[in-house]
Amino acid sequence: MKKVGIIGWPVTHSISPAMHNAAYAALGLTDWQYELAPVPPDIVRQGLRTLRDEGGFIGVNVTVPLKEKVMPHVRPDERARAVGAVNTIDFRDNSGTNTDVIGFMDDLKAHGVEVQGQRVIVLGAGGAARAAVYGLARAGAQVTVVNRTPQKAQVMLADMMLSANIRSADVLTLDEAAEQGAVLVVNATSVGMWPKTEESPWITGVAWPAGAVAYDMVYRPHQTTFMRQAEQSGARVIGGLGMLVRQGAAAFKLWTGQDAPVEVMYAAAESALQTT
Ligand code: ATR
């Protein structure tokens, strides 16, 4: 058996096994299997070793709260170092990468959203925001970060300037950022995520930037309050499930060497979401 899986604590609600196992089945990769692998945060090094040396795992995805914690135990690539988080490990060379960046940028591309030379507003300054800012800045966007705690956004950008020479980003308040205008507003905070689905990072009363597409990295629920607000202002909206699927597709390609059946993975993710 060729085993891969997802580590985190807890991982019971992950829809990745459904997504990857459906992809293996669709391509006839009957010797591949994707498993849940709960690893407590205080034994990350041992957990990784056990999966690799005794469990025979080829690689793993990494979810909360381990994405930063695995960094010292793998060889992170430039993207993972810039984001400060690893979400995919290949045990064959002990490399670590961050396919959240790829998932987000591929999904924007699939939706025909062009950011090169354009202003983009990113809400948030955590791990998801770092992935968004890195991908957008590398694609030539002018990024404005808005965060409840602006100091955290400043630290994030200062870090990314050092680790990835990212300069095309600054920090503003929401009203300032909205007034400047943008082609895209990304919710990279956890606000609005189930079960607190009535919350939104967009403050009522701040005018939506004309023509901006709304992208919510939150995928549970499908339609968030942020998306509803944007839609009411006439905006086109995109939910976060495509990003989740495409980060999985990138990991699939890394491990198996084959192109992932994205549509199959999307359908499996959607149906798993209804049962988990
Ligand atoms: P992730 O890795 O998923 O990005 P995180 O690192 O915990 O998660 O970051 C969460 C983000 O959501 C942060 O930007 C956080 O804002 P602060 O930096 O001010 O904490 C934002 N966030 C979480 N709850 C929020 C809330 N109720 N209102 C506004 N922002 C919130």
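Residues numbered from 1 in each chain as written. Predicted model: local features only at pLDDT ≥ 70, side-chain atom pairs only at ≥ 80, totals over all residues. Heavy atoms only, no water.

Considering the overall build of the protein
Okay, so step 1: The number of helices and strands found in the protein is ten helices and twelve strands.
Okay, so step 2: Taken over the C-alpha trace, the protein has a radius of gyration of 18 Å; the compact-globule value for 276 residues is 19 Å, and the two agree within 12%.
Okay, so step 3: With respect to the principal axes defined by its C-alpha atoms, the protein has extents near 55 × 40 × 30 Å.
Okay, so step 4: Buried positions account for 51% of the 276 residues belonging to the protein.
Okay, so step 5: For the protein, restricting intrachain contacts to residue pairs at least 6 apart in sequence, the fraction spanning at least 24 positions comes to 68%.
Okay, so step 6: Per element, the accessible surface of the protein, about 12500 Å² overall, is 52% carbon and sulfur.
Okay, so step 7: Across the protein, the centroid of the 24 positively charged side chains sits 5 Å from that of the 26 negatively charged ones. (Helix = DSSP H or I, 4+ residues; strand = E, 2+ residues; numbered from the N terminus. Rg over C-alpha atoms; globule rule 2.2 N^0.38 Å. Buried < 20%, exposed > 50% of the residue type's maximum accessible area, 1.4 Å probe, protein only. Contact = heavy atoms within 4.5 Å. Areas by Shrake-Rupley, 256 points an atom, 1.4 Å probe, with all protein chains shown as cover. Lys, Arg positive; Asp, Glu negative; His and termini not counted. Charge placed at Lys NZ, Arg CZ, Asp CG, Glu CD.)

Brief notes about the site of the ligand
Okay, so step 1: As a matter of local geometry, the ligand sits amid 13 residues, with Ala125, Ala128, Asn147, Arg148 and Thr149 nearest to it.
Okay, so step 2: One nitrogen or oxygen atom from the main chain of alanine 125 is found 2.9 Å from an oxygen atom belonging to the ligand.
Okay, so step 3: A distance of 2.4 Å separates an oxygen atom of the ligand from a polar atom in the side chain of threonine 149.
Okay, so step 4: In the complex, the protein chains occlude 65% of the 640 Å² of accessible area that the ligand would expose alone.
Okay, so step 5: Across the shell around the ligand, the residue classes break down as four nonpolar, seven polar and two charged. (Near = heavy atom within 4 Å. Polar contact = N/O pair within 3.5 Å; in protein donor to acceptor, adjacent residues only side chain to side chain. Nonpolar A, V, L, I, M, F, W, Y, C, P; charged D, E, K, R; others polar.)

Points about the pairing of strand β3 (residues 57-62)
Okay, so step 1: Of all six residues making up β3, six are buried, and the element is well covered by its neighbours.
Okay, so step 2: Of the pairings in the sheet, the one linking strand β1 (residues 2-8) to β3 comprises five bridges and is parallel in character. By the bridge assignment, isoleucine 6 is partnered in β3 with asparagine 61. (Pairing = 2+ DSSP bridges.)

Looking at the packing of aromatic side chains
Okay, so step 1: Across all of its chains, the model carries six aromatic pairs by this definition.
Okay, so step 2: Seen from their ring centres, tryptophan 202 and tryptophan 208 are 4.7 Å apart, and the 55° between their planes marks the pair as tilted.
Okay, so step 3: The buried category is assigned to tryptophan 202, whose relative accessible area is 6%.
Okay, so step 4: A relative accessible area of 12% places tryptophan 208 in the buried class. (Phe/Tyr/Trp six-rings, centres within 6.5 Å; stacked < 30°, edge-to-face > 60°.)

Points about helix α6 (residues 150-164)
Okay, so step 1: With 15 residues, α6 extends 21 Å from end C-alpha to end C-alpha; this agrees with the ideal 21 Å at 1.5 Å per step.
Okay, so step 2: Three or more residues of α6 are buried, namely Ala153, Met156, Leu157, Met160 and Ala164. End-on, the buried residues of α6 take up no more than an arc of 95°, which puts them together on one face. Facing away from the buried side of α6, by more than 90 degrees, are the exposed residues Gln151 and Leu162.
Okay, so step 3: In this structure, the buried side of α6 is in contact with α3 (78-83), α5 (127-138), β8 (142-146) and β9 (169-171).
Okay, so step 4: Just downstream of α6 lies asparagine 165, where phi reads positive at about 55°. (Expected span 1.5 Å × (residues − 1). Arc of directions from axis to C-beta.)

Concerning the domain arrangement of the protein
Okay, so step 1: Here the protein is partitioned into domain 1 (2-97 + 244-275) and domain 2 (102-239).
Okay, so step 2: Computed over C-alpha atoms only, the centres of domain 1 and domain 2 are separated by 25 Å.
Okay, so step 3: Each partner contributes residues to the interface: domain 1 has 13 residues there, and domain 2 has 16 residues.
Okay, so step 4: With both sides pooled, the region where domain 1 packs onto domain 2 buries about 1300 Å², and carbon together with sulfur makes up 62% of that total. (Domains from an automatic or database assignment. Buried area = accessible area lost by both parts, 1.4 Å probe.)

Details of the sheet that holds β1
Okay, so step 1: Read from one edge of the open sheet, six strands run β2-β1-β3-β5-β6-β4, paired in mixed fashion. Each edge of the open sheet carries a strand with a single partner, namely β2 (32-38) and β4 (75-76).
Okay, so step 2: Lying over the sheet, helix α1 (residues 16-27) contacts β1, β2 and β3, oriented at roughly 170° with respect to β2. (Axes fitted to C-alpha atoms, helices over the stretch in contact; angles between N-to-C directions.)

Brief notes about the nonpolar core
Most often, soluble globular proteins keep nonpolar side chains buried together rather than apart.
Okay, so step 1: Phe104, Val122, Leu136 and Leu184 are the most contacted members of the largest nonpolar core, which totals 38 residues.
Okay, so step 2: At seven residues, α5 tops the list of elements feeding residues into this core.
Okay, so step 3: Structurally, this core is a two-domain feature, drawing no fewer than three residues from each of domain 1 (2-97 + 244-275) and domain 2 (102-239).
Okay, so step 4: In this structure, leucine 184 is in contact with Leu108, Val113, Val115, Arg119, Val120, Ile121, Leu136, Ala212, Val213 and Tyr215, ignoring residues within four places of it in sequence.
Okay, so step 5: Core analysis: the second largest hydrophobic core is formed by 23 residues, Ala23, Ile58, Ala249 and Leu273 among them. (Core = buried A, V, L, I, M, F, W, Y, C linked by side-chain atoms within 4.5 Å.)

Structural notes on the side chain of threonine 99
Okay, so step 1: Counting through the fold element by element, threonine 99 comes out in helix α4 (residues 99-110).
Okay, so step 2: In this structure threonine 99 touches Asn87, Thr88, Gln247, Ala250 and Ala251, once residues within four positions along its chain are discounted.

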